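Observations on the model geometry
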Amino acid sequence: MITPVGLVQPIGRKRVAVGGLEVPEAVIATQMKARMFALGFITKQIIPMSKDSDCIRKAVVNYPKYLSQKAPEKSEPRALAVESIMEVVKAVELQDQIKFADYAVKMTLGKPHLRLLAVDLIPMILMSLSDPLGLNSESEVAKSCGLNCLEALIQRCSDSVAAIRARALSNLSQLIGALPSDTRSHAVLKGIMGKEGGLNDLLRKRCVDEKAAVRKASLLLITKLTSLMGGAIDEVVLKTMGTACSDPLVSIRKAAVSALSEAFKTFSDETVTSEWLHSVPRLITDNESSIQEECENLFLELVLNRVSRAGSTVVPRNKSSSSPVSVETEMESLFPEGVLGLLKETCHGEVNPWVKRICTNLGKKQRLKRNIAIALQNIIKTSEFTWLSRSMPIEKWTAPQGAWFLLSEVSAFLCEAVDWEFLHHHWQLLDKCNVGESTGTHVEVGGDEAMEGIECKSVAWAGDRVFLLQTISNVSVELPPEPAADLAHNLLKRLEEFNMNLTEVNAHVKALRTLCKRKASSAEEANALVMGWVCQLLSQASQVVDSFISEASDANKNINFVTPPRSGRSQKGKRAIPLPKSQSRAITAIYTIGSVVIVCPSADLSPIIPILHTIITSGCSGVKLTNNLPGPTVSIKEAAPSLYVQAWVTMGKICLADGNLAKRYIPLFVQELDKSDCAALRNNIVVMMADFCVRYTALVDCYISKIAKCLRDPCELVRRQTFILLSRLLQRDYVKWRGVLFLRFLLSLVDESEKIKQLADFLFGNILKAKAPLLAYNSFVEAIYVLNDSLPQNVHTDSQGSRAERRLFSIRGGDEKSRSKRMHIYMCLLKQMAPEHLLATFAKLCAEILAAASDGMLNIEDATGQCVLQDAFQILASKEIRLPSSRGSSDSAEIEEEGGGDGASGSAAKGRVITQAVKKGLIQNAVPIFIELKRLLESKNSPLIGSLMECLRALLKDYKNEIEEILIADKQLQKELIYDMQKYEATKAKSKIAEAAKETDPKNRLGQEMENDFRVASAMADAAAAATARSVLREVNQGAATPPLSAMGLPKLKSTVGRSSGRGERPMDVLESLRRRQTFNSDDEN
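Here goes a summary of the coordinates provided. (Residues numbered from 1 in each chain as written. Predicted model: local features only at pLDDT ≥ 70, side-chain atom pairs only at ≥ 80, totals over all residues. Heavy atoms only, no water.)

Let us look at the overall build of the protein. Of the regular secondary structure elements, the protein holds 50 helices and two strands. A buried classification covers 47% of the 1086 residues belonging to the protein. Pairs at least 24 apart in sequence give 73% of the contacts found in the protein among residues at least 6 apart. Summed over all atoms, the accessible surface of the protein reaches about 52600 Å², with 52% contributed by carbon and sulfur. (Helix = DSSP H or I, 4+ residues; strand = E, 2+ residues; numbered from the N terminus. Buried < 20%, exposed > 50% of the residue type's maximum accessible area, 1.4 Å probe, protein only. Contact = heavy atoms within 4.5 Å. Areas by Shrake-Rupley, 256 points an atom, 1.4 Å probe, with all protein chains shown as cover.)

Structural data, given as structure tokens:
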């Protein structure tokens, strides 16, 4: 047989594999020369002759179709076939080219290898045409040809074979890039995208496709389409791109970053800016170094350089105060490209940690330029100038959000670019124009909007002062001596007043320490200067706190029946009663002590610890540090809850500096975490316990289960904080996946919060799958019991606390909502297992749940026991526990596209043989267990019979070949299964019809007809059930049809009770053999 032209392997090695044999390179070279000669002969001699002969013309026109039918499925020969076909097609007339294009469109509806070939041919055909979309053609055929090809290619993007989907998406992106970039072409593509079920809908689905190649190709297509989307981009597609930046595959993350960055370059609206900043900068912590570098380059190009361009070209215009243009509008016009929105988003709480990291990396690599610092100063100056030019009070002015934050980060590496006069001016301005008391004590007012505005301004100014102080600390080396001394004196004076906002305290303390260290002539002198003001500040702070406690105690003696002041809002539209000034100063003093301890851990804290102990133990009897400490006479927890919370935080900071103190106070932290009703305090204690776990791992290890209880906290913030902190500790191996900790995390997969569910999906789907692949397998059966709040019979617990904790971390109940949550968790765990673990899990479910129910070790009359058994049935019937079926010829193209070679196919075939042998043995052991359990449930008339029959039906379909041998050897069992399946299917069909008749309105004619013809429907259900059962077991008798019920007769169900020999003993032997199963060692045992 002569091989068609173009169907040979390319030259790539000295010996090339063709048809499973290694062929010398010289032979392949000869074939390539023959191919080129044959193509030249056809295109240069035969095709010109076809103009004069209809017979030759028919042969030439049909020759590309012949090559298409003979094209190989492997990727490289198929590419040569496409090249050869296109050589012939290009040489024929335009009318014949259009006809072949229609033939290629029809091929997209054929078999998989033809669809794949058509997907490769269509872009080549369109690019070979001078007018692919028929925009300049008057012929309707030419106009429709290009659109038909384009629509056919788009349809193949949703093909059932993943390789065809990926190839279609990839070719579509290449085609869009090659099409003419004129307005009319863009209009045609936009029209296709705007259709219902068009490209936007397609991209939403393909970006979350189960196959990585499809996701990558869809992201590349988005990159090409970005320039065609006009002034808007689909928000769902945008969100999907952001989610893809966290994909477990490196190639997908790179493609998502490229697509999202292309959109950010094209569009400057707030939606795209926000999505980019929330998705790309966080990749600075990615494990792949190339992604980190790309993240730095993109941030430098799209953020810092954009800010530099906008800030360097600012020319303030003097506007009169009566100008109709608002300040915001004028600022937007002065700073184009959405720079103000970009700066605002950089200081977002979820973005600024990554911005800090990127700026630090760029600064260490000396990639930050002076222009960025100068531009940020110009933006702040321009904003102030624009505000003052309208004769508006400076007290109400705030700099553009994010400007001071970004300047504080880059100034650490650009000290010389920051002007001291600029810093000094704004420090005096921000320090002088502080709105009211910084501690936030306000009088009650009836107008809520005015107070909200004042508070917003106060918080904004406090944040600006923090970033300004950080900038001053960064450039303190460049400060003149006298201004530096004056600034240090001013900072210490403000700290001693204890009336500033808490967010500013840390900045003041750190700036003061930096000034002392950088202006001292030696390290000893710097330490002495720091220790001097630290001791002075601690002494004054302890006096302020002690004074407040004395006042509170005296007031408590005089007034014992006064209702405690309310916090929050007293009434709608009014503020609550303000805090006393002494209490506000005490709160700031307590917080200042904690900040000072972090800066100077060696400071003497002996006078302060008794005061803090008095506060945190107020209202608690029997908790004292020493016998010499005075007991609290007033409950600070009730009188001053904010002070109470800050005292715990400060004590935690002190314990981090003093290990001996930590040993005594960590139990108190755990006790307060368990009983506190304040969400803010619980959140702070969880953070402190995580820090203790890093510093004092052995001390905290026994309390991990107590911390894990916060995963079920009623406050979403506490749950999310606990999940994040424990996940970090587990990844860094400070905590091990021992005991019930893994089971505690499972409920986060079905948490009410979408953010927590996303975090849990990422933890289980990416991190744990690589770090501890056996964890899901080893804990699977135990998870079924725990989630149903059930214990195996051989496990006993009498602890009331453990019972309550068990119930807290369970999803007990047989209702649909609880069952769906449990099934979602089970499916997530099964997806993390390797094929061998799926088989082992199947065996464990049969041995430890089904066999336990048969032996009476699992109480199936109890509600929780029934839920456990029903969950096991649903898991065994689910598709997630099935092994991936062997692929037939229809998917051979997909295997080839994903790079499967001869060695890989050989090992895969060997693995399939082993898997089939294991499955055969597994089913041979499982079927008798099902039969015994079915008889037991029937004897008890249990409602679980339906679940068992559904599971058994699924097994009969999935393991038909393996079950066939069992049923051939046991004809009685075969008859019983056929009879039971028919009976169950008939009952199920009748119940559905009855429910439909009840739900229909009796006055409705249709409902009356259904009720009248119910007997006929029942007969039809019996027939349908018989047909279903026969279809399931059709191949049992080697292709012969199953005999009807009338010919079979009713089978006699034999009991195993009192039987000592025969087939009845077989299931018990199986149960004993299954209990001697092999176990897999857990990853955390090393």
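Read on for the rest.
Looking now at the nonpolar core. Within the largest apolar cluster, 293 residues are counted, with the highest numbers of intra-cluster contacts made by I849 and L850. Broken down by element, this core gets its largest block of residues, 11 residues, from helix α40 (residues 835–855). Excluding its chain neighbours within four sequence positions, the residues that come into contact with L850 are L845, L869, A872, F873, L876, I929, F930 and L933. (Core = buried A, V, L, I, M, F, W, Y, C linked by side-chain atoms within 4.5 Å.)

Taken together, the side chains of E235, D269, E270, E328 and E332 make up a negatively charged region of the molecular surface. Assignment of secondary structure puts E235 in helix α11 (residues 235–244). (Patch = residues over 30% accessible without salt bridge, like charges linked within 9 Å, V, L, I, M, F, W, Y side chains within 5 Å. Salt bridge = Lys/Arg side-chain N within 4 Å of Asp/Glu carboxyl O. Lys, Arg positive; Asp, Glu negative; His and termini not counted. Charge placed at Lys NZ, Arg CZ, Asp CG, Glu CD.)

What follows deals with the packing of aromatic side chains. Under the definition given, this model contains 15 aromatic pairs. Arranged with centres 6.3 Å apart and planes meeting at 80°, the rings of Y644 and W648 form a pair that is edge-to-face. Of the two residues, Y644 and W648 both sit in helix α28 (residues 641–657), four residues apart, roughly one turn of that helix. Grouping residues by exposure puts Y644 and W648 together as buried. Ring plane angle 55° and centroid distance 5.3 Å describe the contact between F723 and F745, whose orientation is recorded as tilted. (Phe/Tyr/Trp six-rings, centres within 6.5 Å; stacked < 30°, edge-to-face > 60°.)

Between helix α39 (residues 816–831) and helix α41 (residues 863–877), the least distance of the axes is 11 Å, while the angle of their chain directions is 50°. On the basis of their axis angle, the class for α39 and α41 is oblique. Remark: the crossing between α39 and α41 carries right-handed chirality. Residues R819, R822, M823, Y826, M827 and L830 of α39 lie in contact with α41, whose contacting residues are C867, Q870, D871, Q874 and I875. (Axes fitted to C-alpha atoms, helices over the stretch in contact; angles between N-to-C directions. Parallel < 35°, antiparallel > 145°, perpendicular 65-115°, else oblique. Left-handed = near helix turned anticlockwise from the far one by under 90°.)

A few words on the pattern of salt bridges. Evaluation of the coordinates by the stated rule reveals 32 salt bridges. With its nearest N and O atoms 3.4 Å apart, the salt bridge here joins K771 to D733. Of this pair, K771 sits in helix α35 (residues 754–771) while D733 sits in the loop between α33 (716–731) and α34 (741–746), placing them 38 residues apart in sequence. The exposure class of K771 is partly exposed, given its relative accessible area of 36%. The exposure class assigned to D733 is partly exposed, which follows from its relative accessible area of 42%. Note that E816 and R819 form a salt bridge whose closest N and O atoms lie 3.2 Å from each other. In this pair, E816 and R819 both sit in helix α39, three residues apart, roughly one turn of the helix. Relative accessible area serves as the criterion here: at 11%, R819 is assigned to the buried category.

Let's shift gears to the side chain of S753. Residue position: S753 is located in the loop between α34 and α35. Given a relative accessible area of 6%, S753 falls into the buried group. Looking at S753, its side chain comes within polar contact range of the side chain of E716, at 2.6 Å. At a separation of 3.4 Å, a polar atom in the side chain of S753 contacts the main-chain amide nitrogen of K755. Apart from the residues lying within four places of it in its own chain, the contact partners of S753 are E716 and R719. (Polar contact = N/O pair within 3.5 Å; in protein donor to acceptor, adjacent residues only side chain to side chain.)

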